[in-house]
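Examination of the molecular architecture
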Amino acid sequence: MNTMTHKGYAARVEYSEDDECFVGHVAGIRDVIGFHGESVSELRAAFEEAVDDYLATCAKLDREPNHPYSGQFRLRLRPELHARAAIAAETKGKSLNTWVSEVIERSITAA
């Protein structure tokens, strides 16, 4: 996965053949924050500057910055899958939230 992180914000990074540089966008927020650089070190510096500028601008405008994720999300499952997951969690002595969090963590770590 091509990502960078700074102050809790993550960026998706790609290489633009047309522009001959790396291009990044902050992921997971409604506001649009983009940056670019010709080298990895330039890209990293541009990303950190973009996030810092975004946070400073929000502070000047007395506006709450978008935060990448709240830690909560709603998930829709087939009732049968929901039941199987709840049973799996219960047999491990865990809440469904804890069990799902651990399964997702293992899945992401293995990827």
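Residues numbered from 1 in each chain as written. Predicted model: local features only at pLDDT ≥ 70, side-chain atom pairs only at ≥ 80, totals over all residues. Heavy atoms only, no water.

The subject of this paragraph is the nonpolar core. Core analysis: the biggest nonpolar cluster contains 15 residues, and Y9, V26, I33, F35 and F47 have the highest contact counts within it. Take this core: its biggest share by element is seven residues, from helix α1 (residues 40–60). Those residues in contact with I33 that lie beyond four places of it in its chain are G24, H25, V26, A50 and Y54. (Core = buried A, V, L, I, M, F, W, Y, C linked by side-chain atoms within 4.5 Å. Buried < 20%, exposed > 50% of the residue type's maximum accessible area, 1.4 Å probe, protein only. Helix = DSSP H or I, 4+ residues; strand = E, 2+ residues; numbered from the N terminus. Contact = heavy atoms within 4.5 Å.)

Put simply, the largest pocket is a space of about 420 Å³. Around the largest pocket, the lining is made up of 14 residues, and of these F73, L75, L96, N97 and V100 lie nearest the centre. At the level of secondary structure, the elements contributing two or more residues to the lining of the largest pocket comprise α2 (79–91) and α3 (96–110). Broken down by element, the lining of the largest pocket gets its largest block of residues, six residues, from α3. A breakdown of the residues in the lining of the largest pocket according to their chemical character gives eight nonpolar, five polar and one charged. (1 Å grid on protein atoms, 1.4 Å probe; cavity = no way out; pocket = protein on both sides within 12 Å on 5 of 7 lines; lining within 4 Å. Points joined across faces, edges and corners; volume = space filled by probe spheres on them. Nonpolar A, V, L, I, M, F, W, Y, C, P; charged D, E, K, R; others polar.)

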